[in-house]
Amino acid sequence: MVQLPHLESGFNKLARAGYDKTSEATGFFGTPGSYNCIAWAAQDIHHWWWPTPDGYWLSWVKPREVTVFCFVTTFRWLGYRICRSSRCELGFQKIALYAIHYSHTPTPVPSTLQELHDFWEPTHMARQLPDGKWSSKCGPNEDIAHYTLDALESYGLAYGSGDEYGCDVVYMRRLFLIAWVVRLVQYLHWNISELLG
Amino acid sequence: MECFGTAPARTAEWDSGSGAGFRLEKGRFKSMLAEIWQQPDVGDECHERTAREVECCFKKLADEWSKAIGNSSSLTAVARHPKYRKIIELGWNVLPFMLVDLQKNRRFWFPALHEITGIRPFDNRDAGNSERMVQAWVQWGKRKKLI
């Protein structure tokens, strides 16, 4: 097992939860070939997804803002629907959205989407692999497969982690059949956009 | 309306009462202008020194910020970092160094450039396409003779 000290110092539960490195680091937005966790969750390795004027985002999703609603709406366009648990389900592909409370402290996750929207800031996304593990692209660094979602739970240096991903707050799922259709549409969209310049 | 009402009264005071004083002020004003006119020589030196200081400060802060990014994917979080905010506070003078760094190292200066200049010189459809965004900013910098 490869050890990644920069990730283990960022997420203090990661080493104990267990993880495997699955790709090399790409560098931050701007470096050719870079992509982030949101892109990775959307199965896109060509863009850095973030709902700000400089980041890549689905152009028709409005308003473009860093809120839970915006992330949920965007992934609904990719065929995902909110589900109750992170448990692996046959025939479904799942993603988990991480967010941190505006106080940047460990806070109980609210039961309503409205509360999440009002007081929590999205930070990260992970995608479930067919074997039930989770796959995350850690910012500009490597992709890893981690066994649990709380492996990346983090609240900054005051709580023993270098990073501030908060915790997993929303789970979404889509049928594998829909996943294939969406991926085909994405593939065509990017290639046509590339051709049209 | 009150302003219009009071102005002639003051002008009348200048004309009648303190004409000599005004001429004196005018003389002092001329000497002040002359001083300012000689300023550019000194100013150039100051400007040069400041530019060097700005460059040093920018490089130091940029390296510290790059190390502090950690594993963050969030473009909002990295642009909110205190070191990044300090770079933005350097203002217009930092633009030449920022644009050169953008061109060479491809670091994430897009929000900083926007905050300082108030513009985004690339097409909205190119958002997220770093290659085109860098190209647009570099071209803008060249047009403005910043690089």
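Thresholds applied
- Residues numbered from 1 in each chain as written.
- Chains lettered and ligands numbered in written order.
- Predicted model: local features only at pLDDT ≥ 70, side-chain atom pairs only at ≥ 80, totals over all residues.
- Heavy atoms only, no water.
- Helix = DSSP H or I, 4+ residues; strand = E, 2+ residues; numbered from the N terminus.
- Contact = heavy atoms within 4.5 Å.
- Pairing = 2+ DSSP bridges.
- Axes fitted to C-alpha atoms, helices over the stretch in contact; angles between N-to-C directions.
- Core = buried A, V, L, I, M, F, W, Y, C linked by side-chain atoms within 4.5 Å.
- Buried < 20%, exposed > 50% of the residue type's maximum accessible area, 1.4 Å probe, protein only.

## Remarks on the overall build of chain B
Here's step 1: Helix and strand counts for chain B stand at 7 helices and 0 strands.
Here's step 2: Along the chain direction, N to C, the helices and strands of chain B fall in the order α-α-α-α-α-α-α.
Here's step 3: Counting contacts in chain B only where the partners sit at least 6 residues apart, residues at least 24 apart contribute 57% of the total.

## Notes on the sheet that holds strand β1 (residues 19-21) of chain A
Think of a sheet as strands paired side by side through backbone hydrogen bonds, with each pair either parallel or antiparallel.
All names here are of chain A.
Here's step 1: Strand order in this open sheet of 7 strands is β1-β6-β5-β4-β3-β7-β2, and the pairing throughout is antiparallel. Of all strands in the sheet, those with a lone pairing partner are β1 and β2 (81-83), marking the two edges. Between one strand axis and the next, the sheet turns through 35° on average, direction left out of account.
Here's step 2: Relative to strand β6 (residues 143-146), β1 runs antiparallel, the two sharing 3 bridges. Looking across to β6, one finds that D20 is bridged to A145.
Here's step 3: Contacts from helix α6 (residues 176-196) reach β3 (92-101) and β7 (167-175) within the one sheet, and its direction differs from that of β7 by about 85°.

## Quick look at the nonpolar core
Here's step 1: Core analysis: the biggest nonpolar cluster contains 71 residues, and I38, W49 and F75 of chain A together with M98, F108 and W109 of chain B have the highest contact counts within it.
Here's step 2: With 6 residues, helix α7 (residues 130-143) of chain B is the largest single contributor of residues to this core.
Here's step 3: Once residues lying within four places of it in the same chain are set aside, the contact partners of F108 of chain B are F28, F29 and D54 of chain A together with W65, L75, V78 and Y84 of chain B.
Here's step 4: If you look at the next biggest cluster of nonpolar residues, it comprises 17 residues, including F11, C138, L149 and Y165 of chain A.

## With respect to the environment of G139 of chain A
Here's step 1: Secondary-structure assignment places G139 of chain A in the loop between β5 (134-137) and β6.
Here's step 2: Note on G139 of chain A: relative accessible area 0%, which makes it buried.
Here's step 3: In this structure the C-alpha to C-alpha distance between G139 of chain A and T67 of chain A, which are 72 residues apart in sequence, comes to 18 Å.
Here's step 4: Excluding anything up to four places from it in sequence, G139 of chain A contacts Y35, N36, W48 and Y165 of chain A together with N71, S72 and S73 of chain B.

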